[in-house]
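Coordinate analysis (summary)
In case you want the letters, here they are:
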Amino acid sequence: MSSIIQLLPDHVANQIAAGEVVQRPASVIKELLENAVDAQATEIKLLIKEAGKALVQVIDNGIGMSVTDARMCFERHATSKIRLAEDLFQLNTKGFRGEALASIAAIAHVELKTRQNNDQLGTQIVIEGSKIVSQQPTVTPQGTSIAVKNLFFNIPARRNFLKSDVVENKHIIDEFQRVVLAHPNIHFFLYVNGSEVYNLPAGNLRQRIVAVFSGKMNERILPLQEHTEVVGINGFIGKPEFAKKSRTEQFLFVNDRFIKSGYLHHAIMGGFEGLIREGMQPSYFIYLQIDPKHLDINIHPTKTEIKFDDEHTIYAILRSAVKHCLGQFKVAPALDFEKDPSLETPYELYGKEVSIPTIQVDPNFNPFGEAPKQQRGTSSYYKGPEPAWKALYTDLPNDLPVIEAEFVPSQTNLFENTRVETEFAQVQQLFNKYVLAKTANGLLIVDQNKAHQRILYEDFLKNITVTKGFSQQLLFPIEMHLSGPKKMLFEDMKDALYHIGFQFDITNSDGVVSILGIPPLIQESDAEDVINQLITVISEGSVSDAFDLNDKIAKSLAMSVAVRNGQSLSQSELESLLQRLFSCMDSTVSPFGKPIQYTFTQEELDRKFTL
């Protein structure tokens, strides 16, 4: 039998390696940003188009590459980070395998421009699917600019498995945040489809955290610091009262490298034991400094998993450091038998006699007397000149024409005012929370809040996908300030909000969005809060496709607008609620899967009174 084992061509091997290194556009961004950091750059720009599918470009002002290095960097296992196997345990750089650029070049169109400080001309290389199309000298600033276009152009199956732009943008933001939080001393920029999303100047760690997660974060975090012979710990942890249901603000770094460790996460959660409710997640930005010889980074293609020599000791130290931080800033509960300082008598009042307060009384004041004529209709506190606007109404002619106008008062109700004919008899409200109705099967009990959520959810979803909802124009537009990823999320869901009944003006380039119209069911005073809450729900959840996004928008709006438990409803509103509920496609569960109704049969009620 002839031999059947043979070496794979380089371009095939690169495509196989790309399957592990490059899973989505966010993987490309991670590798390119880490290369820019290793190049000692002080300013890094990231440009994204169409969620990275059309373009991912990273521009840095680092040390650059020579002509030979520019050609060699696209070869497999070509790297400047290590020389020997022992160097794996003394790593001070992000990359070390030499596979990233070769894998990226195998599945995309890549254009590289680079120049070192001492060179007058740089080098430009164009590669398409591991094939070098051109290499020539070029004029370019110091540093490196690498543009990755048409990702997965030669692997259509992999490109078809990419998620929607909303999902891919969320992964891109996640990777970008992990890199910028690890290196607050570098100035980072992020541009998405031509608009600036992040501009993060170099500064300290607290400034970087606040710049990434808004100014409110400055008041919600506590400094964490602990240094031992085994590990050095610093960073910030969030106050327990600001814990959330999602893990979007949890970052753990080892030697400035983002990692995922369920074991160390459990240690951090142990420090918050008894301070947060079950199911809630605290914010933390924790940086561990450990001798590289006690680590093994080369166990996962994305380098986000690390093995430690002594995990148990690090676990105990990390948990104790979190507890100590919370206790140091008096966050942890403690018995305090000291007096409240605000109830103590000030020192300067000790020994002084308490005097009776004096009051002045006008003996001639008569509350039933008539006020002087010159004071009638005016305020006794204002002695200045007449306001200028009064001059507009002086010397008006007496024969002004009478203008008749029709006025129809506009009133928005959660339910229709007209009484509806229903099959339910004797509809009543119990505890301002439940709706009771007698039916042929027995006693029907409906949760009014969950029932209204189901009604609104199906209405909103229909408006998004089938028919456009009505809009109520605002006399004075409401201005919202959106920046960073909030602006990106708003761009993704503005079309769905438009079909529901919102109208916006987003011509301002500074992240200011003007709300011009709102759906009739939403109060003007609640419009901004509803949209902010919607953005938060979308950012903290996982969205798989456009339908999933529309579904989450409809659910969030239904929860925000639905009638609350404790609100009294009229008889017509109760009947309308039941009529609309049983017209829904599913009247048994709320949009969040919770039961809406329950029916007590006569047999069940009889059993309750049986001895």
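For the structure itself, consult the block above.
Residues numbered from 1 in each chain as written. Predicted model: local features only at pLDDT ≥ 70, side-chain atom pairs only at ≥ 80, totals over all residues. Heavy atoms only, no water.

**Observations regarding the pairing of strand 5 (residues 131-138)**
If a strand is regular, its side chains alternate between the two faces of the sheet. Relative to strand 5, strand 4 (residues 122-128) runs antiparallel, the two being bridged by seven bridges. Within the sheet, the bridge partner assigned to Ile-127 lies in strand 5 and is Ile-132. Hairpin remark: strand 4 followed by strand 5, antiparallel, with two residues in the connecting loop; positive phi at Gly-129, about 60°. (Pairing = 2+ DSSP bridges. Helix = DSSP H or I, 4+ residues; strand = E, 2+ residues; numbered from the N terminus.)

**Re the sheet that holds strand 13 (residues 284-289)**
The strand order across the open sheet formed by five strands is 9-10-13-11-12, and the pairing between neighbours is mixed. Of all the strands in the sheet, just strand 9 (221-227) and strand 12 (257-258) have a single pairing partner and so form its edges. Pairing of strand 9 with strand 10 (residues 232-238), which is carried by seven bridges, proceeds in the antiparallel orientation. In the strand pairing of strand 10, His-227 is matched with Gly-232. Of the strands in this sheet, strand 11 (250-254), strand 12 and strand 13 are in contact with helix 6 (residues 165-182), which crosses strand 11 at around 50°. Packing of helix 7 (residues 205-213) onto the sheet brings it into contact with strand 9, strand 10, strand 11 and strand 13, and relative to strand 10 it is tilted by some 35°. (Contact = heavy atoms within 4.5 Å. Axes fitted to C-alpha atoms, helices over the stretch in contact; angles between N-to-C directions.)

**With respect to the packing of aromatic side chains**
Under the defined criterion, the tally for this structure stands at 14 aromatic pairs. Measuring from ring centre to ring centre gives 5.9 Å for Phe-253 and Phe-258, while their planes differ by 70°; the resulting arrangement is edge-to-face. On the basis of relative accessibility, which here comes to 0%, the residue Phe-253 falls in the buried class. The class for Phe-258 is buried, based on a relative accessible area of 14%. When the ring of Tyr-598 is compared with that of Phe-600, the centres are 4.9 Å apart and the planes differ by 75°; the resulting orientation is edge-to-face. (Phe/Tyr/Trp six-rings, centres within 6.5 Å; stacked < 30°, edge-to-face > 60°. Buried < 20%, exposed > 50% of the residue type's maximum accessible area, 1.4 Å probe, protein only.)

**A short note on the packing of helix 2 (residues 25-38) against helix 6**
Following both chains from N to C, one finds helix 2 and helix 6 inclined at 20°, their axes separated by 9 Å at the closest point. With respect to helix 6, the element helix 2 is oriented roughly parallel. Note on packing geometry: the crossing formed by helix 2 with helix 6 is right-handed. Contacts between helix 2 and helix 6 involve Pro-25, Ala-26, Ile-29, Lys-30, Leu-33 and Val-37 from the first element and Glu-168, His-171, Ile-172, Glu-175, Phe-176 and Val-179 from the second. For the contact of helix 2 with helix 6, a count of residues per class yields eight nonpolar, one polar and three charged. (Parallel < 35°, antiparallel > 145°, perpendicular 65-115°, else oblique. Left-handed = near helix turned anticlockwise from the far one by under 90°. Nonpolar A, V, L, I, M, F, W, Y, C, P; charged D, E, K, R; others polar.)

**Digging into the pairing of strand 6 (residues 143-149)**
Judged by how many residues are buried, strand 6 sits mostly within the fold: six of seven residues are covered. As paired strands, strand 2 (residues 55-60) and strand 6 are joined by six bridges and run antiparallel to one another. Within the sheet, the bridge partner assigned to Val-58 lies in strand 6 and is Ile-146. Where strand 3 (residues 109-115) meets strand 6, seven bridges bridge the pair, whose relative direction is antiparallel. Note on strand 6: the bridge partner recorded for Thr-114 is Thr-144.

**Examining the sheet that holds strand 6**
Strand order in the open sheet made by the eight strands is 5-4-3-6-2-1-7-8, with mixed pairing throughout. Across the chains shown, the open sheet's two edge strands, defined by having one partner strand only, are strand 5 and strand 8 (195-200). Neighbour to neighbour, the strand axes of the sheet diverge by 10° on average, direction disregarded. Both strand 1 (residues 43-49) and strand 2 contribute to a ladder of six bridges, which runs antiparallel. Paired with Ile-44 across the two strands is Asp-60, which belongs to strand 2. Contacting strand 1, strand 7 (187-192) and strand 8, helix 6 runs over the sheet at an angle of about 170° to strand 7.

**Some thoughts on unusual backbone geometry**
Glycine aside, the phi torsion of most residues is negative, and most peptide linkages are trans. Look at Ser-130: it is not a glycine, yet its phi comes out positive at around 70°. Residue position: Ser-130 is located in the loop between strand 4 and strand 5. One non-glycine residue, Asn-193, lies in the positive phi region at around 50°. Counting through the fold element by element, Asn-193 comes out in the loop between strand 7 and strand 8. For Asn-193, a relative accessible area of 52% puts it in the exposed group.

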